[in-house]
Amino acid sequence: MAADEDTTDERIFEPPGPNRSSDALDEDEGEYAELADDLRSDVAGDVRFDEYSQILYATDGSIYQARPAGVVVPRSVEDVRAVVRIANEHGTPILPRGAGSSLAGQAVGPGCVVVDLSTYMDRIVSIDPDGKRATVQPGVVQDDLDARLSEHGLKFAPDPASSNRATIGGGIGNNSTGAHSVRYGITDAYTEELDVVLADGSLIHTREVVVGGDEWDAILARDDLEADIYRTVRRLVEDNADEIEARYPDLKRNVSGYNLDRVVFENERGETVVNLSKLFVGAEGTLGIVVKATLSLVTTPDTTALALYCFDDLGDAMAAVPEALEFDASAVELMDDEVFRLARDSGEFAEYAAPIPPDTAAALMLEFDSERHADLEAAVEATTRHFHDDGDAFEVVEAYTDEDQRDLWKLRKAAIPLLMSLEGDPKPYPFIEDATVPPAELAEYVRRFEEILDEHGTSAAYFAHAGSGTLHIRPILNLKADDGIRTMRAIADDVTDLVADHHGSFSGEHGDGLARTEFNPKMYGPQLWDAFRELKSTFDPDWLLNPGKVVFRDDEPTDMREHLRYGAEYSSIEPNTALDFADEGGYSQSIELCNGCGTCRQTGSDTMCPTYRATKDEVATTRGRANVLRAAISGELPADELYSERFQREILDLCIGCKGCKNDCPTGVDLAKLKAETKHQYHQREGAALREKLFANIDRAAEVGSALAPLSNVATKLPGSRALGERVLGIAADRKLPTFTRETFEDWFDARDSAVDPAAADHGAVLFPDTYTNYMYPDAGKAAVRVLEAANVHVELPDDLRESGRAAYSMGFLDRARDRAEHNVNVLAPYVERGWSVVFVEPSDAVMFQDEYADLLDGEAVSSVGANAYGVSEFIDVHRLDESIDFDAPSASASESESLVYHGHCNQKALNRDHHAVGLLRRAGYTVDPLDSGCCGMAGSFGYEAEHYDLSKSIGRILFDQVEASDAESVVAPGASCRSQLADRTGGTRPPHPVEKVADALERER
Ligand SMILES: Cc1cc2nc3c(=O)[nH]c(=O)nc-3n(C[C@H](O)[C@H](O)[C@H](O)COP(=O)(O)OP(=O)(O)OC[C@H]3O[C@@H](n4cnc5c(N)ncnc54)[C@H](O)[C@@H]3O)c2cc1C
Ligand code: SF4
Ligand code: SF4
């Protein structure tokens, strides 16, 4: 019974567009103006040939960079066909692209029309759970597909580490795979049928075609490109059968060259079939553009277990790999001591490295699953006996719970981010990072590899998919210097010789691209190289599809040293900065930290990057912003571009400063900080607009609003007042403005007596009267005082504090922010010296003290005030103050307690400090569902700005959907802006701050 679940009409996401002004999109088309015009007249999707778009698509996750002619974002198969036809007419190369997370430069193409299939062509067309098949458009992100498949206990088996942003089309282009290739093999095994646009614009459907059958005869009777392709493929495979047998390595993974060894085979009925799908897989977009794919699926194991064996010698760990494969593991992964050292030294991953003994030189991690092992403990016992009791492993770490296994996988997957976040130059670069040899030969291969690196005066870490013979080895080089580039080429030459000696593959995972294509003749020999070229000429007679990848022409050889992102000529300006960039190695190094991995395109978890999630537009990713920033500091754009109005509007203003990237970007690109600095420099040169000044001075404006309340509140409700606000100040007429309170929080506090005598208090705390709490939403502040005093904290509000400077900082008024920081630190330092803490109701202000102040000021005082600054829930949770409160929960039974869904603040998430409210609320008797949500979209003033209103609402809707998907009765959020945004969901009712709910629990007690 094939229960097809047809989801054709359901978009995973409907992008509202990026808020980019159309005039800017039409600029700078130069030599491509005619091509752009022709494309615009025939394509319904977006056509972008402006300079920024060229820069945005000039890189991928690799070491390469080359500007394309422009970008088309097609809406349909017909759009793709039109692009191919028109580009053909203009003789312009074409490059299909998904997330652009490739590591070998195959998603970069000089002078190409990039066809970005990730934005609109992202539908899951159908799922057939019984037949274990799914049909999808190429732009579907693999994790999104897997999330849908999990409802049926199914998954798409290849699992690249980049699956949270990598598209199925890109996975097909690269023949992607991941840690479980030992069990499942790679993408070609799961690609059954494809719809492909060929080089002449025709559309074909690939599937198993029986040689000599009716279908075969019908196709070959035609005089078209498809018929030519079938004829040539069949002949090339037949004529080169011996060479294919001899030259293709016998490995679980080989993604070098074309899959001539897999395209013709015998089916289950013993018939010889041609399935061109297998040839398009791994072709890196050089043979056609996939517009629909039917994939076969596997069942997801119910349970798994991990065993990690620690060795004191890398060679011993390598020698154990072939034995590990005897135990039917679903993954066999390696990590070496460099990975552990980096993890231990990092704030983020240290906890995951804790179980690994310090003298571990290398560890092998084996996964067992319930599909093959009825008794997982018995499976682990057997390997432990073999490797530990009777073998060389001196320690074993076993993990059975989901949490323990997740932690070990996090440690394993941390390797690349940890290596890439090494500061400055030289850096570990990918260019022979996925060479693969038979697992039995790994020990000897690694020994010789180390010698090669030694001979070239460098070193590397060793990790990854040992069970399949693939090790990720990234030599540490300086590619901004000629000798670094020479060394890279020499290492690549030596390593490919070494791999050839082992009859391995130059690429077992990441593909040929610009890095490895030049070595394919070495791997496959002259006969198969000629066959590859004939194959390419047949599919793509003018060599317009992603030229120079997989195969090249003699007159246009691919050279791994060309089109480097950096290179010896690269230089960048280092402006005098108002913020301290010493930790990042400087302003330009902080931009260059972006390696293009594309994690900021993830859509399913974490905070980064909300503007991409809402637009699905590359310009709205952290990567996009970093790429254009890099172009501006390195002379690729005119000298003063950084300070141009266009740069502010299109690149900086759309970053909402949520700080998501600071924590979620694997290398820690901190765009919020870069934006504040660059905006500041812009203001210094060009001045600032009235609205910017108003928002930067929001505290003063709020003070006036409060003093004039209720009149000030009535004024904003008068007919026409909002329209006037939009016309004069650019404040969105549709956005409800905050209501000021006549009695400020400070007034209320001053008028009362402290409930806790300072002499008898357990703690002293200054409660910071932030702008929102003080003038607009004092209830949260009052609740904070009630809860703190219930915990025997003596609370004070010094009357000489000023606003935190958060608003000024976000708008790039750094002198004003520094002034506020200096003032507040001076006021607070004496309290902190007496052992008091500084407590905040508003998370963004807390984070200002905890993080940004240190970039604005030097000295002991700012560090100690920052170290003693807390969000209110954080303060109570860290010091376990609520233990002294006898919460009388509504009921001891969790089932009867009020349920809350918690949306944490993105600024606090960036510092991993957002979780405290959850523990506190639970202890106060609530059931809490913490959301893995991003930013709410308000981001201080952003949501009030007329030109950003729609984008703000789109980001907000993502949060609304998450809230609605929760079963909880009501929502809580500590951020004042988040509560304003969430109020729109319920027609105006603002949700409470978590501390208000904690205060409610106190009330119940009384
Ligand atoms: C940190 C990191 C970890 C990674 N880990 C892995 C890993 O574990 N395993 C692995 O295999 N890879 C890995 N990669 C590489 C890469 O992410 C994957 O290969 C991924 O599947 C590529 O998907 P994409 O959407 O980014 O494709 P893109 O990079 O956009 O494109 C990949 C190739 O496919 C072609 N292409 C794209 N769409 C189409 C289409 N519709 N039709 C025809 N050709 C098309 C492109 O021209 C290009 O040649 C990693 C990358 C990074 C940065
Ligand atoms: S900004 Fe960070 S996450 Fe995004 S591509 Fe660059 S390095 Fe990767
Ligand atoms: S600060 Fe937020 S919006 Fe800006 S780039 Fe980083 S994640 Fe994206």
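A brief structural summary. Computed from a predicted structure; not experimentally measured.

### Points about the overall build of the chain
Moving on, step 1. A count of helices and strands for the chain gives 45 helices and 28 strands.
Moving on, step 2. Here the chain has a C-alpha radius of gyration of 30 Å; the compact-globule value for 1006 residues is 30 Å, and the two agree.
Moving on, step 3. Looking at the chain as a whole, 63% of its 1006 residues qualify as buried.
Moving on, step 4. Expressed as a percentage of contacts within the chain between residues at least 6 apart in sequence, the contacts between residues at least 24 apart total 75%.
Moving on, step 5. When the accessible surface of the chain is summed, it comes to about 36100 Å², and 46% of that surface belongs to carbon and sulfur atoms.
Moving on, step 6. Taking the average location of the 96 positive side-chain charges in the chain and that of its 186 negative ones, the two points are 5 Å from each other.

### Observations concerning the nonpolar core
Moving on, step 1. Ranked by internal contacts, the top residues of the largest apolar core, which has 203 residues, are Leu145, Val233, Leu276, Leu334 and Phe431.
Moving on, step 2. Here this core gets 9 residues from one element, more than from any other, and that element is helix H37 (residues 814–833).
Moving on, step 3. When neighbours within four sequence positions are excluded, Val233 is seen to be in contact with Val263, Val264, Val274, Leu276, Leu279, Leu535 and Phe539.

### Details of the sheet that holds strand E24 (residues 837–840)
Backbone hydrogen bonds hold the strands of a sheet together, and the pairing may be parallel or antiparallel.
Moving on, step 1. Read across the open sheet, the 4 strands follow the order E23-E22-E24-E25; overall the sheet is parallel. Looking along the sheet, the strands with just one partner apiece sit at the ends: strand E23 (793–796) and strand E25 (869–871). Going from strand to strand, the sheet's axes swing by 35 degrees on average, the running direction of each strand aside.
Moving on, step 2. Bridge count between strand E22 (residues 763–768) and E24: 4 bridges; the pairing is parallel. Bridging across to E24, Leu767 finds its partner in Val839.

### Examining the site of ligand 3
Moving on, step 1. Ligand 3 sits among 14 residues. The nearest are Cys609, Arg625, Cys655, Cys658 and Cys661.
Moving on, step 2. Among the elements of the structure, helix H25 (622–633), helix H27 (660–664) and helix H28 (671–686) are those that each provide at least two residues to the shell around ligand 3.
Moving on, step 3. In terms of residue class, the shell around ligand 3 is built from 9 nonpolar, 3 polar and 2 charged.

### Focus: the pairing of strand E26 (residues 899–902)
Moving on, step 1. Where burial is concerned, the two faces of E26 agree: the one with Ser899 and Val901 and the one with Leu900 and Tyr902 are both buried.
Moving on, step 2. In this sheet, strand E28 (residues 970–972) lies alongside E26 in parallel orientation, the contact comprising 3 bridges. Looking at the pairing, Val901 lines up with Val971 of E28.

### Re a negative patch on the surface
Moving on, step 1. A cluster of acidic side chains, namely Asp312, Asp313, Glu323, Glu326, Asp359 and Asp392, defines a negative patch on the protein surface.
Moving on, step 2. Within the element layout of this structure, Asp392 appears in the loop between helix H16 (376–389) and strand E19 (395–399).

### Describing the pairing of strand E5 (residues 113–116)
Moving on, step 1. Here E5 shows a buried face lined by Val113 and Val115 and a second buried face lined by Val114 and Asp116.
Moving on, step 2. Strand direction decides the pairing type here: strand E4 (residues 94–97) and E5, joined by 4 bridges, are parallel. Its bridge partner lying in E5, Arg97 is registered against Asp116.

### Some details on the site of ligand 1
Moving on, step 1. Close contacts around ligand 1 come from 35 residues, with Pro96, Ser101, Ser102, Ser162 and Thr177 the closest.
Moving on, step 2. Contact between ligand 1 and Gly98: an oxygen atom at 2.7 Å from a main-chain N or O atom of the residue.
Moving on, step 3. Coverage of ligand 1 by the protein amounts to 97% of the 980 Å² it exposes when considered alone.
Moving on, step 4. Looking at side-chain class alone, the shell around ligand 1 contains 13 nonpolar, 18 polar and 4 charged residues.

Basis of the calculations
Along each chain, numbering runs from 1 in the same order as the chain's sequence is written. Here the convention is simple: chains get letters from A, ligands get numbers from 1, in the order in which they are written. Thresholds applied to this predicted model are a pLDDT of at least 70 for local features of residues and 80 or more for the giving and counting of side-chain atom pairs; totals over whole chains, interfaces and linings are not thresholded and use all residues. Just so you know, side-chain values use all the structure's heavy atoms and leave hydrogens and water out. Numbering of helices and strands starts at the N terminus; helices are DSSP runs of H or I of at least 4 residues and strands are runs of E of at least 2. Only the C-alpha atoms count toward the radius of gyration. The rule for a globule is 2.2 Å times the residue count to the power 0.38. When accessible area is computed with a 1.4 Å probe and restricted to protein chains, residues below 20% of their type maximum are described as buried, those above 50% as exposed, and intermediate ones as partly exposed. Working rule for contacts: check all heavy atoms of both residues, and any pair within 4.5 Å makes them a contact. For every accessible area listed, the method is Shrake-Rupley and the probe measures 1.4 Å; residues are considered covered only by the protein chains on display. Charge counting follows a simple rule: Lys and Arg are positive, Asp and Glu are negative, and His as well as the terminal groups are ignored. For the purpose of locating charges, the reference atoms are NZ of Lys, CZ of Arg, CG of Asp and CD of Glu. Here, the term nonpolar core denotes a set of buried Ala, Val, Leu, Ile, Met, Phe, Trp, Tyr and Cys residues that are joined through side-chain atoms within 4.5 Å. Strands pair, by our definition, only if DSSP identifies at least two bridges between them. As a rule, the C-alpha atoms of each element are fitted with a line to give its axis, helices using only the stretch in contact, and angles between N-to-C directions run from 0 to 180 degrees. Neighbouring residues are identified by heavy atoms, a residue being near a molecule or strand if any of them is within 4 Å of it. The nonpolar class holds Ala, Val, Leu, Ile, Met, Phe, Trp, Tyr, Cys and Pro. Asp, Glu, Lys and Arg form the charged class, and all remaining residues, Gly among them, are polar. To count toward a patch, a residue needs a relative accessible area above 30% and no salt bridge. Like charges then connect within 9 Å, nonpolar side chains (Val, Leu, Ile, Met, Phe, Trp, Tyr) within 5 Å. What makes a salt bridge here is a side-chain nitrogen of Lys or Arg within 4 Å of a carboxyl oxygen of Asp or Glu, nothing more. Here a polar contact is taken to be a pair of N or O atoms separated by no more than 3.5 Å, where protein atoms must pair a possible hydrogen donor with a possible acceptor and residues adjacent in sequence count only if both atoms sit in side chains.

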